[in-house]
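Residues per chain are reported as follows:
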Amino acid sequence: MAKPAPSIAETPAWKALQEHVVDIEQTHLRDLLSDQQRCEALIKEDLGLYLDLSRQRVNQTTLKLLMDLAEASQLRSKVEAMFRGERINETEDRAVLHVATRARRDQVITEGGKNVVPEVWEVLDKIKGFADKVRGGGWVGVTGKPLTNVVAVGIGGSFLGPLFVHTALSTEPRAMASSRGRELRFLANVDPIDVATALQGLDPETTLVVIISKTFTTAETMLNARTCRAWLTAQLGPESVAKHMVAVSTNLKLVEEFGIDPVNAFGFWDWVGGRFSVCSAVGVLPLTLQYGWDVMARFLAGANAMDDHFRNAPLESNLPVLMGLVSVWNISFMGLPARALLPYCQALSKLAPHIQQVSMESNGKGVDIKGKPLPFEAGEIDFGEPGTNGQHSFYQLIHQGRVIPCDFIGIVRSQQSVYLKGETVSNHDELMCNFFAQATSLELRSASVPDHLVPHKVFTGNRPSLSLLLPELNAYTVGQLLALYEHQVAVQGFVWNINSFDQWGVELGKVLASKLRTKIAEARTNSRFMAGSDGLNYSTTRMVNKYLAGKRQLVYDTPKDVFPVDLLNPEKPAADEKAAI
Ligand SMILES: O=P(O)(O)OC[C@H]1O[C@](O)(CO)[C@@H](O)[C@@H]1O
C-alpha cells in the first residue's frame, strides 16, 4: 500500500516558517516599515490594482519561505488542476470550475473532456435575451403591465454574492442610469419577517420572482418560493406563475415540478459551488434584469481578468497568491486566526458578509483532503464593516485589544463625488484620510501622554494589515475584487491541503431542523406538548414546549391556501392576533 503523503505541517518549508516566527517577533512593524527596499518588494501593482503588503509582519525572508511553502504544497499544480477541470472536490467527485462561468466566449475550459464554455454562453445569451425582453417591456405580467420589480429568492451562495454585487453597483453612475425605474430585492431568511420586508409595498402585477437554488431542495428557499407563489396567485390567479416566476437551478426537474416552465429556467452545473456561483445565472440573471447586459458583461470581464492573472502571473507577483500566503502566515504561524475586512466604501458594505461565506464555509475544515485530522487549525474568522462606521464600533479592540489582521480597501475615485464650498477637502478625501490614518495607526507605537494615562493611551502598534486600492468601483473592478477574494481563499485551502469546495458541516443542522419540523407539526396537530419519549434531549424538549406554550394557541388555525395579505398590511391585525382577540 502506498505510504500516505506527509501533512504539509511535516514539510521542511512549514518547519522553516515556524522557526522564522522568532525572528519576526523580535522586529517591530515600525522598524520593518523603515526599510524602503522591503516596502517596495511588498507593494504590487497589476490589473490597475495596488496591493500594499508592507504593513504585514513579514520581510523578504518570510516571502521567500512562503514561496517555498507554496512549492511544498504544490500550489501551482493545484491551481492548474482547478482550471483544467479535474475533480478536485474529491468528497463530492466534482470539478471546481466557477472560472468557466466568466470565461471569454472563445476560451476553452474542459470538464470530463468537454469544452463547457459554449454551454456557459448559451445560458448567458438566454439571460441577455430574457432580460432585454423584461427590461424592454416585451415580457409583461399577466395583467399586461411591465415587470419593473424583481425579488430574488435564495440563501447562502444563492444570495450573498448577488447581494454584494448589487450593493456595489446600485450607486455606480453607469449602473444607476441603466437601472432607473427598476428595483431588485432579496428574500433569503425563512423568517416571515423577511418575507414582509422583501414584499412590502410591491405590486404583484409588476413583480417578477426569481427562485435561485442550486439544489432546489433548500428548505428555507423552497418555503419562501411557495410563499411568494401564494402571494402572486392570491392576487393574480394561478396562471400568473408562468409570467411572474422564473428559476435558476442545476435541478431543472424539480423546477418543473414546482410549476415553473423549464423554458423559464436558467441552468448551471454541479461544478459551480454555491458560494462561487455569483458569475453563473445565480447572480447574472437577477443583476442583468436590474442593470442590463452591458454592465454585467463588464463585471464578468473583470472577474475573468483576475482569473487569467491568478493562473498565469508568477507567484511572486500574483495578487491572490500573495494575499493567500500572507493570510496563511498570519493564521498558521503568527497565531492570528481572524481577519477584518474594512472597505472604505459604503458600496462594499456587503463584501464582508459574502466573503464570510466564501472563506468560512470553504476553509472551516478539521481534516485534510484525504480525511486525515489536521495537526493545525485551518480556516479564518472573517468579519467586517465599511469604514468609517467600523471605527466607531469595533476598532478599539483592533487597536488596543486583540491583534486582528485587517484588509483596508480604498477607492481612488468615488462613485459619488461631493465637495462642499467652505470644506477643506471633499467628502471622499475625508473618508480616505481615515483609510490612510487607520492603517498607519495600527503600525505605530506612541506614548507621548501624561504618566497616569500612559497605559490607557499607549498604542503598542505592530498590528498587521494590508491595503488594497482600486482605481474606482465599477462593474469591472467589482468582478476583479470578487475573483481576487475567491482565489485567495482557494490558495489558503490548497496550502492547508484541505477540500475548500465541500461543506458537509452545514448538513447536520439541516437534518435536525427537519426532524424538529416533524415534531412541532405533530405537537400542534395533536394538541399536545412534547414528551421525553419524542427522541429529543431534555433541554431541547423543555425549550420547544416553552415555545409551543408561548404561542397564543397550541393548535394552528386551519392553514391558509392563500397568502395572508394582512401580513403586509399594518392596518389589519395579523392572523395570530385575530385568533387571540
Ligand atoms: O443554492 P441552494 O442549493 O439552495 O443552497 C444554498 C446554500 O446552502 C448551502 O449548501 C449550505 O448553507 C450553501 O453552500 C449554499 O450556497
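Residues numbered from 1 in each chain as written. Predicted model: local features only at pLDDT ≥ 70, side-chain atom pairs only at ≥ 80, totals over all residues. Heavy atoms only, no water.

Named according to an unreviewed UniProt entry, the chain is Glucose-6-phosphate isomerase originating from Raphidocelis subcapitata. What UniProt records for the chain under Sequence similarities (unreviewed entry) is the sentence "Belongs to the GPI family." Per UniProt, the chain has the following entry under Catalytic activity (unreviewed entry): "alpha-D-glucose 6-phosphate = beta-D-fructose 6-phosphate". (UniProt positions renumbered as here; feature names shortened; annotations may be inferred.)

Q: What is the right way to look at the layout of surface pockets in this model?
A: If you roll a probe as big as a water molecule over the atoms, it shows you where there is empty space left. Volume-wise, the second largest pocket comes out at about 630 Å³. Surrounding the second largest pocket, 25 residues form its lining, Gln74, Lys78, Ile369, Lys370 and Asn497 being those nearest its centre. When grouped by side-chain class, the residues that make up the lining of the second largest pocket number eleven nonpolar, eight polar and six charged. (1 Å grid on protein atoms, 1.4 Å probe; cavity = no way out; pocket = protein on both sides within 12 Å on 5 of 7 lines; lining within 4 Å. Points joined across faces, edges and corners; volume = space filled by probe spheres on them. Nonpolar A, V, L, I, M, F, W, Y, C, P; charged D, E, K, R; others polar.)

Q: How should empty space enclosed by the protein be read in this particular structure?
A: Within this structure, the stated rule accounts for two cavities of 30 Å³ or more. Quantified by volume, the largest cavity comes out at close to 80 Å³. If you trace the largest cavity, you find 14 residues lining it, with Ser327, Asn330, Arg339, Glu380 and Asp407 closest to the centre. Listing elements by their share of the lining of the largest cavity, those giving two or more residues are α15 (319-333) and β10 (338-343). Examining the composition of the lining of the largest cavity, we find that five residues originate from one element, α15, more than from any other. Residue lining of the second largest cavity: Val120, Val123, Leu124, Ile127, Gly267, Trp269, Ser280 and Ala281, and that is the complete set. Tallying contributions element by element places helix α6 (residues 117-136) first for the lining of the second largest cavity, with four residues. (Helix = DSSP H or I, 4+ residues; strand = E, 2+ residues; numbered from the N terminus.)

Q: Is there a simple way to think about the packing of helix α14 (residues 293-312) against α15 in this case?
A: In a pair of packed helices, the angle between the axes and the distance between the axes together describe the arrangement. For the pair α14 and α15, interaxial distance at closest approach is 7 Å and the crossing angle is 70°. In terms of axis orientation, α14 runs roughly perpendicular to α15. Taking contact as the criterion, the partners of Met306, His309 and Phe310 in α14 are, on α15, Leu319, Pro320 and Val321. Partitioning the contact of α14 with α15 into residue classes produces five nonpolar, one polar and no charged. (Axes fitted to C-alpha atoms, helices over the stretch in contact; angles between N-to-C directions. Parallel < 35°, antiparallel > 145°, perpendicular 65-115°, else oblique. Contact = heavy atoms within 4.5 Å.)

Q: What's the story with the site of the ligand in this structure? I'm lost.
A: The immediate surroundings of the ligand are formed by 14 residues, with Ser158, Ser213, Thr215, Thr218 and Glu361 found nearest. Taken by itself the ligand offers 400 Å² of open surface, and the protein chains cover 87% of this. In terms of residue class, the shell around the ligand is built from two nonpolar, nine polar and three charged. (Near = heavy atom within 4 Å. Areas by Shrake-Rupley, 256 points an atom, 1.4 Å probe, with all protein chains shown as cover.)

Q: Would you take a moment to explain the domain arrangement of the chain for this structure?
A: Interface size, as often reported, equals the accessible area lost upon joining of the parts. Taken domain by domain, the chain consists of domain 1 (8-72 + 313-502), domain 2 (98-297) and domain 3 (506-578). Taking only C-alpha atoms, the centre of domain 1 and the centre of domain 2 are 33 Å apart. Contact residues are listed per partner, giving 25 residues for domain 1 and 22 residues for domain 2. Between domain 1 and domain 2 lies a buried interface of about 2,000 Å² when both sides are counted; carbon and sulfur atoms form 65% of it. Across the domain 1-domain 2 interface, the total number found is two salt bridges. Among the salt bridges present, the one from Glu486 reaches Arg102, with a minimum N-O distance of 2.8 Å. (Domains from an automatic or database assignment. Buried area = accessible area lost by both parts, 1.4 Å probe. Salt bridge = Lys/Arg side-chain N within 4 Å of Asp/Glu carboxyl O.)

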